[in-house]
Every structure is written in C-alpha cells, then in structure tokens.
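Read off the chains here:
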Amino acid sequence: MSNPSIDAARLLDRINALGAIGRDAEGRLVRLAASDADKLGRDRFVSWLEDAGLEVAVDRIGNVFGIWRPDGAGDMRPLMLGSHIDTVINAGIYDGCYGVLSGLEVIQTLKDDGFTPLRPMVVAAFTNEEGVRYAPDMLGSLVYVGGLDVDAALATGGTDGTVLGDELQRIDYAGAHEPGFMTPYAYIELHIEQGPVLEREGIPVGAVQNLQGISWQKVTIDGDANHAGTTPISMRRDAGYAAARVVTFLRERAKASNTPTVATVGCMGFEPNAINVIPSRATFTIDLRDPDDDRLKEEEAALAAFLEKIAAEEQVDVSVERLARFEPVTFDHRIVELVEKAARDRGLACRRMTSGAGHDAQMIARIAPAAMIFVPSVGGISHNPKEHTADEDLVAGANILLDVVRQLATKDS
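What this report covers is the structure whose coordinates are included nearby. Worth saying up front: this structure is predicted, and the values here are computed from it rather than measured.

1. Let's talk about the overall build of the protein chain
- Along the backbone of the protein chain there are 12 helices and 14 strands.
- Its C-alpha atoms give the protein chain a radius of gyration of 23 Å, within 12% of the compact-globule value 22 Å for 413 residues.
- Dimensions of the protein chain, computed from the C-alpha atoms along their principal axes, are close to 80 × 45 × 40 Å.
- Of all 413 residues assigned to the protein chain, the portion counted as buried reaches 55%.
- Residue pairs in contact within the protein chain that sit at least 24 positions apart in sequence constitute 81% of those at least 6 positions apart.
- Only carbon and sulfur atoms are counted for the fraction: they give 48% of the accessible area of the protein chain, which is about 17,100 Å².
- Across the protein chain, 40 positive and 62 negative side-chain charges occur, with their mean positions spaced 3 Å apart.

2. Side note on the packing of aromatic side chains
- This model, assessed by the stated rule, comprises six aromatic pairs.
- Note on F65 and F181: the rings are 5.5 Å apart at their centroids and 85° apart in plane angle, and the pair reads as edge-to-face. On the criterion of sequence distance, the pair formed by F65 in strand β2 (residues 64–68) and F181 in the loop between α6 (164–170) and β5 (186–192) is long-range, its members being 116 residues apart.
- Under the relative-accessibility criterion, F65 is labelled buried at 0%.
- Seen from the ring of Y173, R42 lies directly overhead, with NZ or CZ sitting 5.1 Å from the centre.

3. Quick look at helix α10 (residues 333–345)
- In a regular helix each residue adds 1.5 Å, so 13 residues correspond to 18 Å; α10 covers 18 Å between its end C-alpha atoms and thus fits that length.
- Taken together, the buried positions of α10 are I335, V336, L338, V339, E340, A342 and A343.
- Buried residues along α10 sit in contact with β5, β6 (205–211), β13 (350–355), β14 (370–375) and α12 (391–408).
- Among the residues trailing α10, G347 stands out with phi positive, at a value near 75°.

4. Observations concerning the nonpolar core
- Counting 105 residues, the largest nonpolar core has F65 and F331 as the members making the most contacts within it.
- Counting residues per element, this core draws most heavily on α12, which supplies nine residues.
- Counting residues in each nonpolar core, the second largest holds 19 residues, with I221, A243, V246 and A302 among its members.

5. Observations regarding a nonpolar patch on the surface
- Side chains of V247, M268 and F270 sit close together on the surface and give an oily, nonpolar patch of about 220 Å² of accessible area.
- Topologically, F270 is positioned in strand β9 (residues 268–271).
- On the basis of relative accessible area, F270 is assigned to the partly exposed category, the value being 31%.

6. Concerning the packing of helix α1 (residues 8–19) against helix α3 (residues 97–112)
- Orientation of α1 relative to α3, taken along the N-to-C sense of each, is 145°, at an axis distance of 10 Å. Crossing geometry of α1 relative to α3 is assigned as right-handed. Residues R10, L11, R14, I15 and L18 of α1 form the contact with α3, whose own contacting residues are C97, Y98, L101, S102, L104, E105, Q108, T109 and D112.

7. What to know about the pattern of salt bridges
- Across all of its chains, the model carries 31 salt bridges by this definition.
- E201 is paired through a salt bridge with R351; the nearest N and O atoms lie 2.8 Å apart. Here E201, found in helix α7 (residues 197–201), pairs with R351, found in strand β13; they are 150 residues apart in sequence, far enough to count as distant.
- Between E299 and R253 there is a salt bridge, with its nearest N and O atoms 2.7 Å apart. Residue E299 is found in helix α9 (residues 293–314), and its partner R253 is found in helix α8 (residues 239–256); the two are separated by 46 residues along the sequence.
- Each of D36, R133, D160, E167 and R170 takes part in salt bridges that share partners, so that together they form one network.

8. Section: the packing of α8 against α9
- Close contact between α8 and α9 brings their axes to 10 Å; oriented N to C, the two are set at 150°. In this view, α8 runs roughly antiparallel relative to α9, as classed from their interaxial angle. Of the two possible hands of crossing, α8 and α9 adopt the one that is right-handed. Residue-level contacts link Y241, A242, R245, V246, F249, L250 and R253 of α8 to E298, E299, A302, L303, F306, L307, K309, I310, E313 and E314 of α9.
- Here the contact of α8 with α9 is built from residues that sort into 10 nonpolar, no polar and seven charged.

9. Brief notes about the environment of I192
- Of note, I192 is situated in strand β5.
- Sequence separation between I192 and V58 is 134 residues, and the spatial gap between their C-alpha atoms is 26 Å.
- For I192, the contacting residues outside a window of four places in its chain are Y94, D95, Y98, F374, V375, S377, S382, E387 and T389.

10. Structural notes on the side chain of N210
- Mapped onto the secondary structure, N210 falls in strand β6.
- Only 2.5 Å separates the side chain of N210 from the side chain of T354, close enough to count as a polar contact.
- Beyond its immediate chain neighbours, meaning those up to four positions away, N210 contacts P291, V329, T330, F331, M353, T354 and S355.

11. So, the pairing of β5
- The buried fraction of β5 amounts to seven of the seven residues, a majority that puts the element mostly inside the structure.
- Alternating positions in β5 separate into two faces, A186, I188, L190 and I192 on one and Y187, E189 and H191 on the other, with burial throughout.
- As defined by bridge partners, strand β3 (residues 79–84) adjoins β5 across three bridges and the pair is classed as parallel. If you follow M80 over to β5, its bridge partner there is Y187.
- Note that β5 and β14 share six bridges and pair parallel. In the strand pairing of β14, I188 is matched with A371.

Procedures and definitions
Residues numbered from 1 in each chain as written. Predicted model: local features only at pLDDT ≥ 70, side-chain atom pairs only at ≥ 80, totals over all residues. Heavy atoms only, no water. Helix = DSSP H or I, 4+ residues; strand = E, 2+ residues; numbered from the N terminus. Rg over C-alpha atoms; globule rule 2.2 N^0.38 Å. Buried < 20%, exposed > 50% of the residue type's maximum accessible area, 1.4 Å probe, protein only. Contact = heavy atoms within 4.5 Å. Areas by Shrake-Rupley, 256 points an atom, 1.4 Å probe, with all protein chains shown as cover. Lys, Arg positive; Asp, Glu negative; His and termini not counted. Charge placed at Lys NZ, Arg CZ, Asp CG, Glu CD. Phe/Tyr/Trp six-rings, centres within 6.5 Å; stacked < 30°, edge-to-face > 60°. Lys NZ or Arg CZ within 6 Å of the ring centre and 35° of its normal. Expected span 1.5 Å × (residues − 1). Core = buried A, V, L, I, M, F, W, Y, C linked by side-chain atoms within 4.5 Å. Patch = residues over 30% accessible without salt bridge, like charges linked within 9 Å, V, L, I, M, F, W, Y side chains within 5 Å. Salt bridge = Lys/Arg side-chain N within 4 Å of Asp/Glu carboxyl O. Axes fitted to C-alpha atoms, helices over the stretch in contact; angles between N-to-C directions. Left-handed = near helix turned anticlockwise from the far one by under 90°. Parallel < 35°, antiparallel > 145°, perpendicular 65-115°, else oblique. Nonpolar A, V, L, I, M, F, W, Y, C, P; charged D, E, K, R; others polar. Polar contact = N/O pair within 3.5 Å; in protein donor to acceptor, adjacent residues only side chain to side chain. Pairing = 2+ DSSP bridges.

Treat this as a map of the structure, not an account of what it does.
See the structure below:
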C-alpha cells in the first residue's frame, strides 16, 4: 500500500477560491449562515464534492455532507471529517473552511490512490457554527446530535429579523434528511489554532485533547434616565455605571486567578444612548470559559453574586438571560494518540492542547469518539482578515489528517 500525501496545490487553491466568495463592497469577507453569500460558498463546495465523485446529502438544518460509499462498506458507521464554511463579519479565510476542504482533500486523495476503506467516509460542512446571524453558535452540529429540536432551530430568529428555516428554503439548502441520519464511527476536525501557542513554541501540530466549557449570558440593567448636568452623582440610578462595574469585576477576577478562566463582554448597548443623558438601560453579553466545569460553575456563581451586589448598591434592577451553556469536552484519547503518532511519523513536533474556542467537534463528541488537530495561527489572530497560517503548516496538518484517517478507516470495530 502506498503512503500518499495530499495534493497541496489543489487544497490551497480551494481555500483561496472559497475565501474569495462573500466579499462585500468594502472587500470584507462576510459569509453569514444562510445568507446569499453562504449559498454561493455552499454551491462551490457542492461542486467540488460532485467533482470528487461523492454523494451529496443535505439535512433539514442545512448541514451539507459529501459521502464516499466504497464497495463492501455496507452499512458500517462512517468516518466523518468536517467543520463549517460560514464566517464572522470581516473574517479571515481559514477558520472552519480549512477543516472542511482538508476533509474533502483527504477523501479525494484516498480515492485517487486506490485506497479501499472498510467503512464509508463523509466530509461535513455544518450550518451556523459561528452563531453571528443566528444563536446559538454550533447550531447545525448541535441539532445534528439531538441537542436542540430541529423545528425549534428552524424557527430561530436572526439578528436581521429573518428566520433560519425560511432562509434555508430561500437559498435551496433545506434538505430532506433528518439531522443525525448518519451516526459517525468517529469524527475528526482539522482547524487553525486561533491562538498563539503553537507559533510561540515553534510546534507545527497540536493534538487537541479537550475543549473549554462555555457560558453565554445576556445581562440587562435598568436604572433611570436623567439630566447629565443637574443630577448629583449620589442621586443617580446609572445603568451605564453599573454595567461598567460588572465589566471591571470580570476582568479583575480573571486576572487575579491562577486558573485558565477567561471572561469577555463582547456586546454592549445603552439607552437612550445620548451624550447628555444618564443611561436608563444597559444591555451586554458575558462570555465565560474554562476547561473545568466545576470552575466554570464557580465563575457563574461569583458573577450572580456580584450582580446582586450591584443591584443593591446602585439601586438598579438586574435581569439575566441564559444564551448558551456548553460543558467542557474531553476528546477520545485513542484518536489523540493517533494524531501524535502521525506527527512523529512525518517528522513533526506535536503537543497536546486545550481548545479555547468552541467547535463542531464538541457537539459530535456527544454521539461518537472525536478529536481535533490544530495548526499554527500567525500572531494567534483569528476572526480577523489578518488571520493567516503558512502554506506549509496547512499542508502538514492535512497530511496528518490523511494519516489518521487511513488508520481509522481500516478498523472494523
């Protein structure tokens, strides 16, 4: 049996071609889930699946699959590869897309080489991983594993007033298959790190052994609007100031901790949002993350206690809405070890890692053994047009994926 490598030029050309789809008038890459730009990206991906001779399937939540059913594979559970192709606003070209296109490249390389797996192989592009237009993020894979009812997900309203199910119908990606129609034998997701560790340490491959838990909350603080010049500080019910105290509390608590806990306030709005009016309402989001669920619960409890304190001290009303809560994930140790072995066999350094970002792999891990492979992100930058990974690192990661897939695709149990 030969030991092939992926077609580097084909992979890199596809990454760049997909990265050119969804540019707005300012040249920004904006390919939000179920948008016109997303349709164009999906159409291009499907054309590549068809060129590779794969069966194309779309489920009701819009997840797209390219399936290779070799002779003799029968009804065995498939080995699944994948990620997503939707983007944030003003995105880079690698996040998610690299994993999807590498999965396709691996399958196409194995087909071209005459490799015969014992089980079907699938590359998946999951819907709305980013969660920019529709919440929560990782929605397509969450629905796929039964974590969210498909009809409820299809009824989700977007930030632009659209409804996800209607938009999937409009762009012709409301499929007939029920989510979860294939239960994977295993799932592997290749991804850029989106952080600085691999580049800083000069290591080309990360074997991702676990993934942080994520807690998203929306906080609303209500006070009283009043004149900015005539109202004494001591007599104010200032929702803006109360919100600022929460932001400061989160930052200082995280800085003082010797744990990997992180906290982020990513969205904030004031009402009436006038320069000379004390804010009557502040609305903001809080993102808490930690790889240990007990610690994450401690941070949630500390936040809740501080919000009670703020309400009493500032004489404001505080309400909290839970947006999303995902527990930490430990990936399959056997697949992690296969990643490490593949790196050694290719003469590449490798280290075990924790993913700080959420990924579709954490959802699929609920129903099948799963793991991830990371390659370096230059400067640790992602969700940004400056997002970049060197071509040699992209190719190296895809070859590691290829080698791991060859091992898993020949296992009969």
